[in-house]
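Now for the letters of each chain:
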Amino acid sequence: MSNFSTILELLARPARLRSILSFNKKGYLKEIGWFASAESRSPVDKYGSPIPWVTYSFIDFIKERLTKEHSVFEFGSGNSTHFYAKYAGRVVSVEHDRAWFDKIQDGKAANSELVFTELKTDGDYCRVPVTRGEKYDIIIVDGRDRVNCCKQAVDALTPSGVVVLDDSERDFYSEGVNFLKDRGFKQLPFSGISPGLFYPKATSVFYRADNCLGI
């Protein structure tokens, strides 16, 4: 349906139009800062502070579980890098876009590190956490080449580490999901909407017993 047709339909249903307009003044969408994200085209909360472009239900979950004892590795960078640095002790993010890398590098938190790596399917990008020779409590898969990132992430986790896959509902990533499950990880999906977007998606945590998030 075109935008014009949508507007005509809303005008023909004034009660529905009033309900939609009221959401900008009160209610859930206003409270979580959804309108601020839609207008700025970037993920922020109601105060304009950066948040990840994941489901709100996952954001609510992770910000209560992250501590300064946690180390985070992130495939992809942006507002999420600032967010995780606020709650975790250390954040390392790999980025394949040079212009975006330079933008995020300026003003990044002191406890965050950005790594530029060119993107090639099943290449160096997905292997960065392993080749660094470090172990991470939480690995966020929210960049490119996600299936291979899931596969490589397992070898870079601490014994209690977890993997987080955004857009885990997509069939395109099912190979990565099945890989993690075959290696003993359980899946905990957080479904709902995300900042500035209004379609259902899921952000999933893959965890094992005695994990660092207390699941």
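Whatever comes next refers back to the structure up there.
Thresholds applied
Residues take numbers from 1 onward in each chain, read along the sequence in its written order. The predicted nature of this model means local features are confined to residues of pLDDT at least 70 and side-chain atom pairs, given and counted, to a pLDDT of 80 or more, with totals for whole chains, interfaces and linings taken over all residues. Note that the side-chain values use all heavy atoms of the structure and ignore hydrogens as well as water. Only DSSP runs of H or I reaching four residues or more are called helices, and only runs of E reaching two or more are called strands; each is numbered from the N terminus. Whether a residue is buried, partly exposed or exposed follows from its accessible area with a 1.4 Å probe, protein chains only, as a fraction of its type maximum: under 20%, in between, or over 50%, in that order. Residues count as neighbours in contact if any of their non-hydrogen atoms are within 4.5 Å of one another. We call two N or O atoms a polar contact when they sit within 3.5 Å, provided that within protein one can donate a hydrogen and the other can accept it, with sequence-adjacent residues counted only if both atoms are side-chain atoms. Note on geometry: axes are C-alpha line fits, over the in-contact stretch for helices, and angles between N-to-C directions span 0 to 180 degrees. Roughly parallel covers angles under 35 degrees, roughly antiparallel covers those over 145, roughly perpendicular covers 65 to 115, and oblique covers all other angles. For any pair of crossing helices, the crossing counts as left-handed if the nearer helix is rotated counterclockwise from the farther one by less than a right angle, and right-handed if it is rotated clockwise. Ten residue types, Ala, Val, Leu, Ile, Met, Phe, Trp, Tyr, Cys and Pro, are classed as nonpolar, four, Asp, Glu, Lys and Arg, as charged, and the remainder, Gly among them, as polar. In the sections that follow, a salt bridge refers to a side-chain nitrogen of Lys or Arg positioned within 4 Å of a carboxyl oxygen of Asp or Glu. Note on ring pairs: Phe, Tyr and Trp rings are taken, using the six-membered ring of Trp, and paired if centres are within 6.5 Å. Classes follow the plane angle, with under 30 degrees stacked, over 60 edge-to-face and the rest tilted. Whether a charge sits over a ring depends on NZ of Lys or CZ of Arg being within 6 Å of the ring centre and within 35 degrees of the ring normal.

A. Quick look at the environment of Lys151. Counting through the fold element by element, Lys151 comes out in helix α9 (residues 146-153). Under the relative-accessibility criterion, Lys151 is labelled partly exposed at 24%. Counting along the chain gives 24 residues from Lys151 to Glu175, while the straight-line C-alpha distance between them is 9.3 Å. Excluding residues within four positions of it along the chain, Lys151 makes contact with Glu175 and Phe179. Side chain to side chain, Lys151 and Glu175 meet in a polar contact 2.6 Å long.

B. Layout of the packing of helix α8 (residues 124-131) against α9. At a minimum axis separation of 8 Å, α8 and α9 run at an interaxial angle of 15°. In terms of orientation, α8 lies roughly parallel with respect to α9. Considering the relative orientation of α8 and α9, their crossing is right-handed. Listed contacts from α9 to Tyr125, Cys126, Arg127 and Val130 of α8 are Asn148, Cys149 and Gln152. Looking at the contact of α8 with α9, its residues break down into 4 nonpolar, 2 polar and 1 charged.

C. Expanded view of the packing of α9 against helix α10 (residues 174-182). Remark: α9 packs on α10, axes separated minimally by 8 Å, with the N-to-C direction vectors making an angle of 15°. Of the possible angle classes, the one that applies to α9 and α10 is roughly parallel. α9 and α10 meet at a crossing whose hand is right-handed. Residues Val147, Cys150 and Lys151 of α9 touch α10, and the partners they reach there are Glu175, Gly176, Phe179 and Leu180. By residue class, the composition of the contact of α9 with α10 is 4 nonpolar, 1 polar and 2 charged.

D. Representation of the pattern of salt bridges in the model. Using the criterion set out here, one finds 13 salt bridges in the structure. In this structure, Arg170 engages Asp167 in a salt bridge whose closest nitrogen and oxygen atoms are separated by 3.6 Å. A relative accessible area of 35% means that Arg170 is categorised as partly exposed. Accessibility expressed as a relative area gives 5% for Asp167, which makes it buried. Salt bridges sharing common partners tie together Asp142, Arg146, Asp166, Asp167, Arg170 and Lys201.

E. Structural view of unusual backbone geometry. You will see that Asp167, though not glycine, has its phi angle at about 60°, which is positive. Take Asp167: it is sitting in the loop between β5 (157-166) and α10. One non-glycine residue, Asp210, lies in the positive phi region at around 55°. In this structure, Asp210 sits in the segment after β7 (201-207). Note on Asp210: relative accessible area 71%, which makes it exposed.

F. Seen up close, the packing of aromatic side chains. Taken as a whole and judged by the stated rule, the model has 12 aromatic pairs. Members of the aromatic cluster, each reached through a chain of ring pairs, are Phe73, Phe75, Tyr125 and Tyr136. Note that Arg98 overlies the ring of Phe116, its terminal NZ or CZ placed 3.9 Å from the centroid.

Function cannot be inferred from these measures alone, as they are strictly geometric.
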